[in-house]
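Overview (structure and organization)
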Amino acid sequence: RRYDWPAAGIIEACNEAAKSVDQIRARLADLPEKGAILDGEIDRALGVLTAARILYEERGKYFTLAIPEHAYL
């Protein structure tokens, strides 16, 4: 399955270590070329990704359960 922005950015941000919502927002804000993101978009994407079991949430931190398709290319 493929995800578009901002979900794709969230998956990448949470790939190496668990991140809080504030850390995710800061990471996505560091990528201005992707465009401005509203907090509601991030919250919706987190809900979708968690429901699809792409992300795991525990104690307010999110971690990616998915494996990138081309992680080592």
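Provided above is the structure to which this section pertains.
Residues numbered from 1 in each chain as written. Predicted model: local features only at pLDDT ≥ 70, side-chain atom pairs only at ≥ 80, totals over all residues. Heavy atoms only, no water.

1. Focus: a nonpolar patch on the surface
Defined as follows: Within this analysis, patches are made of residues with over 30% relative accessible area and no salt bridge. Like charges are joined at 9 Å or less; nonpolar side chains (Val, Leu, Ile, Met, Phe, Trp, Tyr) at 5 Å or less. Only the protein chains shown count as covering a residue, and every accessible area follows the Shrake-Rupley method with a 1.4 Å probe. Every case where a carboxyl oxygen of Asp or Glu lies within 4 Å of a side-chain nitrogen of Lys or Arg is listed as a salt bridge. The helix count covers DSSP runs of H or I at least four residues long, the strand count covers runs of E at least two residues long, and both are numbered beginning at the N terminus. Type-normalised accessible area, obtained with a 1.4 Å probe on protein chains alone, sets the label of each residue: buried when under 20%, exposed when over 50%, and partly exposed for intermediate values.
Taken together, the side chains of Y56, F63 and L65 make up a nonpolar region of the molecular surface, amounting to roughly 290 Å² of accessible area. Looking at the secondary structure, you find Y56 in strand β2 (residues 55-58). Residue class for Y56 comes out partly exposed when judged on its relative accessible area of 43%.

2. Here's the deal with the side chain of S20
Filter applied, for reference: In what follows, a contact means two residues having at least one pair of non-hydrogen atoms within 4.5 Å.
The residue S20 is located in strand β1 (residues 19-20) in this model. We classify S20 as buried; its relative accessible area is 18%. In this view, S20 contacts G60 and K61; residues no more than four positions away in its chain are not counted.

3. Observations concerning the pattern of salt bridges
A full pass over the atoms with the stated rule returns four salt bridges. In this structure, the salt-bridge partner of E12 is R27, at a minimum N-O distance of 3.8 Å. One end of the pair, E12, is in helix α1 (residues 7-13); the other, R27, is in helix α2 (residues 21-29), with 15 residues separating them in the sequence. Its salt-bridge partner being R25, residue D43 comes within 3.2 Å of it at the nearest N-O pair. Highlighted residues: D43 in helix α3 (residues 39-51) and R25 in helix α2, separated in sequence by 18 residues. Under the relative-accessibility criterion, D43 is labelled partly exposed at 41%. Because the salt bridges share partners, they merge into one network encompassing D22, R25 and D43.

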